[in-house]
Amino acid sequence: MRLSLGELASAIGADLRGDATRVVDRIATLQGAGPGAVAFLSNRRYRHLLAGTRAAAVILSPADAAACPTAALVMANPYLGYARAATRLSPPLRPPQGVHPSAWVSDSARVDASAWVGPQAVVEAGAELAAEVSVGPSCVVGQGARLGVGTRLVANVTICWGVTIGARVLVHPGAVIGADGFGIANDGGVWVKIPQLGSVVVGDDVEIGANTTIDRGALEDTVVEDGVKLDNQIQVGHNCRIGAHTAIAGCTGIAGSTRIGRRCMIGGGVGINGHIEICDDVQISARSAVHQSISEPGKYSSGTPLQPQAQWLRNVPRYRQIDDMYKRLKRLTGTGE
Amino acid sequence: MRLSLGELASAIGADLRGDATRVVDRIATLQGAGPGAVAFLSNRRYRHLLAGTRAAAVILSPADAAACPTAALVMANPYLGYARAATRLSPPLRPPQGVHPSAWVSDSARVDASAWVGPQAVVEAGAELAAEVSVGPSCVVGQGARLGVGTRLVANVTICWGVTIGARVLVHPGAVIGADGFGIANDGGVWVKIPQLGSVVVGDDVEIGANTTIDRGALEDTVVEDGVKLDNQIQVGHNCRIGAHTAIAGCTGIAGSTRIGRRCMIGGGVGINGHIEICDDVQISARSAVHQSISEPGKYSSGTPLQPQAQWLRNVPRYRQIDDMYKRLKRLTGTGE
Amino acid sequence: MRLSLGELASAIGADLRGDATRVVDRIATLQGAGPGAVAFLSNRRYRHLLAGTRAAAVILSPADAAACPTAALVMANPYLGYARAATRLSPPLRPPQGVHPSAWVSDSARVDASAWVGPQAVVEAGAELAAEVSVGPSCVVGQGARLGVGTRLVANVTICWGVTIGARVLVHPGAVIGADGFGIANDGGVWVKIPQLGSVVVGDDVEIGANTTIDRGALEDTVVEDGVKLDNQIQVGHNCRIGAHTAIAGCTGIAGSTRIGRRCMIGGGVGINGHIEICDDVQISARSAVHQSISEPGKYSSGTPLQPQAQWLRNVPRYRQIDDMYKRLKRLTGTGE
């Protein structure tokens, strides 16, 4: 897409300092940008690259504008400007419409005329695909599942029976929405399966990463609210609720029946216990273990730092002895609980 | 399914206190239950909801029976009663029989007349599907693989060549059984692949979660014994053996050649080293790291607790210094090894 | 495959002590080997099994050769000898050629006559499959993706649009190469997606495990260099670069824009932060958390050890207090920073 800098400035909400008629057609890094490209500076670490950039324009903050060697698109949040500019310059392709001849769609499924069902895909009985839905190659949409307007399953996605997905949701390859939750009861040493009778309800404008799994509820529904962004290989247990506009990085696991608030930011590889509640506006750093509920907004962390292995091997037995150390120290100093 | 409370009590092994002729047709939570529903109380946390329930009957323990405002189905393990009642009231649907026209089944595969091969599925040469097997949409059953009576692959499951699966096994979407183990030998800085010539043998009544992976053995077989329950996104390395009736929660990884005993309960996000042995009846809490063999039954844990980030940042360097702290403390007190 | 011990010794680079005309046809463990099998001894733990083996020959080190009760194939690295011998005795089967009638291949895709596209597979517009490529059942090769000579996708693999894969790459089931990276910008509490415009470039002789995910770059490419070996369920974030001949075990997650050097060995379940750099020849033990760049080759670790749960519960509050303990100890001893 070709845009003048004037058009781009107005589209992204930036203040232009430079030639409004100059045309750009792509976004690039400060280092990789050529004459037709717009670059951006949001991470101060890359500020030293500004002087040498060949970009036609740079999206940057007021503090950096004076140092810009070319046209400047000035705004308070240049990273947001980058997101908007990239979307304008590289809009997503419209998928085709109709049903690919190699797909299989049940006679009782309702597929909007503007929807697309790709090669080798399956749409089972009673499923509903709203306008402009795109079901990519080899995806499976189970019985009675419903996909809202403009939702897109990229490829090899599984939507299980009865799951409801909102509008403009993007689901990446290998994701599984609505598999049975892990419900088992012990009968004298043998496990008895508990039927998982709830479903999954996903709101609007959600993104679900590759190979992420969201289990259906045992009796009620697992819920992912509007605007939630889930990275790859996340596991969401049955009966969880994830609040609107929460973002979770890859490889995080959330055990069953946990509720996470709105606008939380959860790092990668975090483990969150079941049956707990995390309030709104909590940030949890990567690799943390969350054993208990969190009732105060703020930043939380856990874990031990990387060490040279020889040092770590000396420390390992001490990690087991820390309560003994604490007690001995308390006897020496007479303080502590 | 509609049942009288008398029929239900006898089906689940409970003692009925109330009208045996009253009819129920579903299971629900204490809060969500209406007049036709059976609820249950197993977690004492929810005891305050008992008085207000609108359920027709509640499955609960003898200790809670007196407080039940409606018919009571009394048994020692109400959670097991819930599992049994849910299964009776919502029995799994029988899949259809035959081969879907969009599936591909090799001429040399042996498919029982009562089995089902769903849309876009693949059954390769020499594979065997026993009675009442169900191969869901887009599943792949590799060459010579064998599925026992009543086993069900939900959708997008991959069973690799030569894998053997027992009876009544349930495999959720995206699971991969029998991919090559991670076997490599170093040749002057370059890795040489070791062919993975063993297979995977899965027993009866096993459940395997979404996107879980179980690798084939290098020379002998990886074995998952009867009644094992695996949650989502678990990784089982080559040559492992998981003992009967062991249950493992999501995101746990088990490195190669490790043996896990019977009736173990392993939490989510646990990491288990390779070439070790864990005895029967071990319980490992979520997020633990298991570096060495365990020879005593019991409960084990590891990991540091969540902290406000400001506190954690002060603690981080100290985690590296704990052996120095130990030694200084020992000099002060003259005790310790 | 049948080989004489003379042929085998020369194929694997071993020194034969025994009858060069004796024929073997398979590889086995010391315990499992019968008269036609070759065994190997590389892990000293299994040395006690040497005397009782029924193998026709054993691959072992010079130090163990004298104790060998049968023909000895002597070499400095017997594990490498095992890899070579297994490959010679059990060479991978040649896949068929052509396009399976149930596959769908776009008219504009370029498929070499010696390539194979299996049942239910999809090859989209503009994709290129070089000689001897094998696309297994239900795999999806996206628009414009390119697969080099001899590359094999096992089953249910997704290669997204525009991804480039080198020669002799092996991709296991459920792997996803080229899904969108996790790029989002915050606009007053609502997340805005950043189009992921880069791609993934995978070198030659790479192996990618089951359900592993490698995201496409935001603006430039995510790169996996030659000879890299990735186990199952690994997550590689956008814009990462993994250096040649690095091996990574299962369940490890690497956040975006991180560079990992050559010949690194990274254990299972490791978490690696984004925007950092790990130099060549680093070894990181399983379950470690890597928060910062590593500039010195060597071995690194983190994490606390497994403990009986009762002990751990006493230790847990102390892990939060370690900085206080450090400061009190410093006051007592007058040392430390």
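To keep things clear, this report deals only with the structure shown in the data block. (Residues numbered from 1 in each chain as written. Chains lettered and ligands numbered in written order. Predicted model: local features only at pLDDT ≥ 70, side-chain atom pairs only at ≥ 80, totals over all residues. Heavy atoms only, no water.)

## A look at the relation of the copies chain A and chain B
Part 1 of the reasoning: At an RMSD of 0.0 Å, chain A and chain B line up after a rotation of 120° and a shift of 0.0 Å along the axis. What the superposition gives is, in effect, a three-fold axis relating one chain to the other. (Least-squares fit on C-alpha atoms with pLDDT ≥ 70 in both.)

## Here's the deal with the interface of chain A and chain B
Part 1 of the reasoning: Tallying the contact residues gives 75 residues for chain A and 70 residues for chain B.
Part 2 of the reasoning: Buried area between chain A and chain B, summed over both chains or domains, comes out near 5800 Å², and the portion from carbon and sulfur atoms is 60%.
Part 3 of the reasoning: Together, Phe182(A), Trp191(A) and Arg328(A) form the three largest contributors to the area buried by chain A at its contact with chain B, with a combined 13%.
Part 4 of the reasoning: Close ionic contact of Arg318(A) with Asp323(B) constitutes a salt bridge, the shortest N to O distance being 2.8 Å.
Part 5 of the reasoning: Where chain A meets chain B, there are 31 residue pairs in polar contact (both at pLDDT 80 or more).
Part 6 of the reasoning: Put simply, the parts of the chain that give the side of chain A that touches chain B at least two residues each are strand S21 (176-179), strand S22 (184-187), strand S23 (190-193), strand S26 (213-215), strand S38 (289-290), strand S39 (298-301), helix H4 (309-320) and helix H5 (322-333) of chain A. (Contact = heavy atoms within 4.5 Å. Buried area = accessible area lost by both parts, 1.4 Å probe. Salt bridge = Lys/Arg side-chain N within 4 Å of Asp/Glu carboxyl O. Polar contact = N/O pair within 3.5 Å; in protein donor to acceptor, adjacent residues only side chain to side chain. Helix = DSSP H or I, 4+ residues; strand = E, 2+ residues; numbered from the N terminus.)

## Some points on the pairing of strand S6 (residues 57-60) of chain C
Residues and elements named next belong to chain C.
Part 1 of the reasoning: Residues of S6 alternate between two faces, with Ala 57 and Ile 59 on one and Val 58 and Leu 60 on the opposite face, all of them buried.
Part 2 of the reasoning: Bridging between strand S5 (residues 37-40) and S6 involves three bridges; their strand directions are parallel. Following the sheet pairing, Ala 39 is matched in S6 by Val 58.
Part 3 of the reasoning: In the sheet, S6 pairs with strand S7 (residues 71-74) via four bridges, with the strands oriented parallel. Bridging across to S7, Ala 57 finds its partner in Ala 71. (Buried < 20%, exposed > 50% of the residue type's maximum accessible area, 1.4 Å probe, protein only. Pairing = 2+ DSSP bridges.)

## Regarding the interface of chain A and chain C
Part 1 of the reasoning: Across the boundary between the two partners, chain A contributes 70 residues, which contact 74 residues of chain C.
Part 2 of the reasoning: Taken together, the two surfaces of chain A and chain C that pack against each other cover about 5800 Å², and 60% of this comes from carbon and sulfur.
Part 3 of the reasoning: For the interface between chain A and chain C, the tally reads four salt bridges.
Part 4 of the reasoning: Linking chain A with chain C are 31 residue pairs in polar contact (both at pLDDT 80 or more), by the criterion used here.
Part 5 of the reasoning: At the level of secondary structure, the elements contributing two or more residues to the side of chain A that touches chain C comprise helix H3 (78-89), strand S28 (229-230), strand S31 (247-248), strand S40 (307-308), H4 and H5 of chain A.
Part 6 of the reasoning: With nine residues, the top contributor of residues to the side of chain A that touches chain C is H5(A).
Part 7 of the reasoning: Bridge count between S40(A) and strand S39 (residues 298-301) of chain C: two bridges; the pairing is antiparallel.

## As for the sheet that holds strand S36 (residues 277-278) of chain B
Part 1 of the reasoning: Strand order in the open sheet made by the nine strands is S10-S13-S16-S19-S24-S27-S30-S33-S36 (chain B), with parallel pairing throughout. Looking at the sheet topology across the chains shown, the edges are occupied by strand S10 (110-111) and S36 of chain B.

## Let's talk about the packing of aromatic side chains
Part 1 of the reasoning: Inspection of every chain in the model, using the stated rule, returns nine aromatic pairs over all chains.
Part 2 of the reasoning: Geometrically, the ring pair formed by Phe40(B) and Tyr82(B) is stacked, given 3.9 Å between the ring centres and 5° between the ring planes. Of this pair, Phe40(B) sits in strand S5 (residues 37-40) while Tyr82(B) sits in helix H3 (residues 78-89), and the two are 42 residues apart along the sequence. In this pair, the class of Phe40(B) matches that of Tyr82(B), namely buried.
Part 3 of the reasoning: Above the ring of Trp161(C), the side-chain terminus of Arg216(C) is found at 3.7 Å from the ring centroid.
Part 4 of the reasoning: We note Arg318(C) situated over the ring of Tyr326(A); from NZ or CZ to the ring centre the distance is 3.7 Å. (Phe/Tyr/Trp six-rings, centres within 6.5 Å; stacked < 30°, edge-to-face > 60°. Lys NZ or Arg CZ within 6 Å of the ring centre and 35° of its normal.)

## A word on helix H1 (residues 5-12) of chain A
What sets the pattern is the α-helix's 3.6 residues per turn: residues three or four places apart point alike.
Residues and elements named next belong to chain A.
Part 1 of the reasoning: What H1 keeps buried is the set Leu 5, Leu 8, Ala 9 and Ile 12. Down the axis of H1, the smallest arc covering the buried residues is 100°, so these residues share one side.
Part 2 of the reasoning: Directly beyond the C-terminal end of H1, a positive phi value near 80° is found at Gly 13. (Arc of directions from axis to C-beta.)

## Digging into empty space enclosed by the protein
Part 1 of the reasoning: Throughout the structure, instances matching the rule amount to five cavities of 30 Å³ or more.
Part 2 of the reasoning: Considered as a void within the structure, the largest cavity measures approximately 280 Å³ in volume.
Part 3 of the reasoning: Contributing to the lining of the largest cavity are 17 residues, with Gly303(A), Arg287(B), Gly303(B), Arg287(C) and Gly303(C) lying nearest its centre.
Part 4 of the reasoning: Its residues placed into classes, the lining of the largest cavity shows three nonpolar, 11 polar and three charged. (1 Å grid on protein atoms, 1.4 Å probe; cavity = no way out; pocket = protein on both sides within 12 Å on 5 of 7 lines; lining within 4 Å. Points joined across faces, edges and corners; volume = space filled by probe spheres on them. Nonpolar A, V, L, I, M, F, W, Y, C, P; charged D, E, K, R; others polar.)

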